[in-house]
Amino acid sequence: MSIIQKTGFDFSFDSCECEGCPGYCCCGKSGNIWVSQNEILQISSFLQINIIDYIGTYLNRIGNRFSIKERLAEQGLECVFFEPQKQACCGKLQHSKKQCSIYPVRPFQCRQYPFWEHFKEHKDQVIKECPGIIAKK
Ligand code: SF4
Ligand code: SF4
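Notes on the structure follow. (Residues numbered from 1 in each chain as written. Chains lettered and ligands numbered in written order. Predicted model: local features only at pLDDT ≥ 70, side-chain atom pairs only at ≥ 80, totals over all residues. Heavy atoms only, no water.)

### Structural notes on the site of ligand 2
Threshold: Working definition: residue near molecule or strand if any one of its non-hydrogen atoms lies within 4 Å of it. Each residue gets one label: Ala, Val, Leu, Ile, Met, Phe, Trp, Tyr, Cys and Pro are nonpolar, Asp, Glu, Lys and Arg are charged, and the others, such as Gly, are polar.
By nearness alone, every residue bordering ligand 2 is listed as Cys26, Ile68, Cys79, Phe81, Phe82, Cys100, Ile102, Pro107 and Cys110. Classifying every residue of the shell around ligand 2 gives 9 nonpolar, no polar and no charged.

### Considering the packing of aromatic side chains
Aromatic rings considered in pairs are described by the distance between their centres and by the relative angle of their planes. Here is the rule we go by: By convention, a stacked pair of Phe, Tyr or Trp rings (six-membered ring in the case of Trp) has centres within 6.5 Å and planes under 30 degrees apart, an edge-to-face pair has planes over 60 apart, and any other such pair is tilted. Per the convention used, a helix needs a DSSP run of H or I reaching at least four residues, while a strand needs a run of E reaching at least two, with both numbered from the N terminus. Accessible area is worked out with a 1.4 Å probe on protein chains only. A residue is then buried under 20% of its type maximum, exposed over 50%, and partly exposed in between. Criterion for a charge above a ring: Lys NZ or Arg CZ within 6 Å of the ring centre, and within 35 degrees of the ring normal.
For the structure on display, the rule yields 8 aromatic pairs. Measuring from centroid to centroid gives 5.7 Å for tyrosine 54 and tyrosine 58, while their planes differ by 40°, and the two rings are tilted. Remark: tyrosine 58 and tyrosine 54 occur in helix α2 (residues 51–58); sequence separation between them is 4 residues, near one turn of the helix. By relative accessible area, tyrosine 54 is classed as buried at 0%. Aromatic pair tryptophan 116 and phenylalanine 119: ring centres 5.4 Å apart, planes at 5°, arrangement stacked. We note arginine 106 situated over the ring of tyrosine 103; from NZ or CZ to the ring centre the distance is 3.7 Å. The ring centre of phenylalanine 9 lies 5.1 Å from the NZ or CZ of lysine 120, which sits over that ring.

### Quick word on the environment of alanine 73
Tracing the backbone through its elements, the reader meets alanine 73 in strand β7 (residues 70–73). The buried category is assigned to alanine 73, whose relative accessible area is 19%. Residues alanine 73 and glutamine 42, 31 residues apart in the sequence, show an inter-C-alpha distance of 26 Å.

### Thoughts on the sheet that holds strand β1 (residues 3–5)
The following threshold applies: Any two strands are treated as partners once DSSP identifies two or more bridges connecting them. Working convention: axes come from line fits to C-alpha atoms, limited for helices to the stretch in contact. Angles between N-to-C directions cover 0 to 180 degrees.
Taken in spatial order, the 3 strands make up an open sheet running β1-β2-β11, and their pairing is antiparallel. Only two strands of the sheet have a single neighbouring strand rather than two, namely β1 and β11 (133–135). The sheet shows a mean angle of 30° between the axes of neighbouring strands, direction not considered. Bridge count for strand β2 (residues 11–14) against β11 is 3 bridges, and the pairing is antiparallel. Note that in β11 the partner of serine 12 across the bridge is isoleucine 134.

See the structure below:
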């Protein structure tokens, strides 16, 4: 078990649960996935595409901020970077379960999950969404 606790949160998180989870934090209901200017630079560099193409293809402008686009999926909506990972097996290319395709440079918001300020007051929501949550009694 790999239990993470953070001050001010009425729950802890077992990151081992991510292994068997289909990735409920990257799909389901619509939500904003905010990216800062630095993160935009980091992600476009990671993807090796120019920043203008990256913004046009992957981001929505909302006011003076940018959020990663979502697309329709079986389970509702999903982040456009939530993709099946390709693996070579016996000389053939196979697709494994969906994962974050920009994991090393994923936005701060994603790195902080499930310890979002919002969930301090709405613990029930994160308990419902994330199988790794361990509610304190
Ligand atoms: S929903 Fe929770 S358990 Fe599932 S991948 Fe996201 S953080 Fe991990
Ligand atoms: S950027 Fe990665 S971790 Fe964040 S919502 Fe999209 S797929 Fe999930």
